[in-house]
Amino acid sequence: MPEEKYTVDQILRKIEQDLPHWKYEEGYIVREFSTKNWKETVMLFNAIAYLAEAVWHHPDVELGFKRLKLKLKTHELDAITERDFKLAKLIEEFLNLMV
């Protein structure tokens, strides 16, 4: 069964309902993080990279000294699919364990 490509309306609704820290931007669902320093940025990146590798779905990432930006989409389909939302929710679950 082929994966469903979500429409922009579906994406915005799912973000509003399930992922309040995420936004839709230029064909991706996006989450940005501010950190205290480079070490914290890299540690956060490594934890998220581990989760992404575990589910075999990999985000585009932008790293800065005190920031991290994740961009999710299903690259094979050039669209947002359920795989993107599953990884975003997994990341959120992990972050909730850290606070």
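Higher on the page you've got the structure.
Please read all numbers here as calculations on a predicted model, not as lab measurements.

On to the sheet that holds strand S1 (residues 23–25), then. Across the sheet, which stays open at both edges, the four strands sit in the order S1-S2-S4-S3 with antiparallel pairing between neighbours. The sheet terminates laterally at S1 and strand S3 (60–64), the two strands that pair on one side only. When strand polarity is set aside, the average angle formed by the axes of neighbouring strands in this sheet is 30°. Together, S1 and strand S2 (28–34) form the strand contacts of helix H1 (residues 8–18), whose direction differs from that of S1 by roughly 150°.

For the rest of this paragraph, the subject is the packing of aromatic side chains. By convention here, two paired aromatic rings are described through the distance between centres and the angle between planes. For the structure on display, the rule yields one aromatic pair. Ring centres 5.6 Å apart and planes at 85° place the aromatic pair Tyr6 and Phe85 in the edge-to-face group. In this pair, Tyr6 is assigned in the segment before H1 and Phe85 in helix H3 (residues 82–98), connecting sequence segments 79 residues apart. Look at Phe85 and you get buried, because its relative accessible area is 0%. Directly above the aromatic system of Phe85 lies the positively charged group of Lys14, at a separation of 5.1 Å from the ring centroid. One residue, Lys71, lies across the ring of Tyr28, its end atom 4.5 Å from the ring centre.

What follows is about the pattern of salt bridges. This model, assessed by the stated rule, comprises 10 salt bridges. Between Glu25 and Lys23 there is a salt bridge; the shortest N-O distance is 3.3 Å. The partly exposed category is assigned to Glu25, whose relative accessible area is 21%. Members of the salt-bridge network, linked through shared partners, are Lys23, Glu25, Glu32 and Lys69.

Rules used throughout
Residues numbered from 1 in each chain as written. Predicted model: local features only at pLDDT ≥ 70, side-chain atom pairs only at ≥ 80, totals over all residues. Heavy atoms only, no water. Pairing = 2+ DSSP bridges. Helix = DSSP H or I, 4+ residues; strand = E, 2+ residues; numbered from the N terminus. Axes fitted to C-alpha atoms, helices over the stretch in contact; angles between N-to-C directions. Contact = heavy atoms within 4.5 Å. Phe/Tyr/Trp six-rings, centres within 6.5 Å; stacked < 30°, edge-to-face > 60°. Buried < 20%, exposed > 50% of the residue type's maximum accessible area, 1.4 Å probe, protein only. Lys NZ or Arg CZ within 6 Å of the ring centre and 35° of its normal. Salt bridge = Lys/Arg side-chain N within 4 Å of Asp/Glu carboxyl O.

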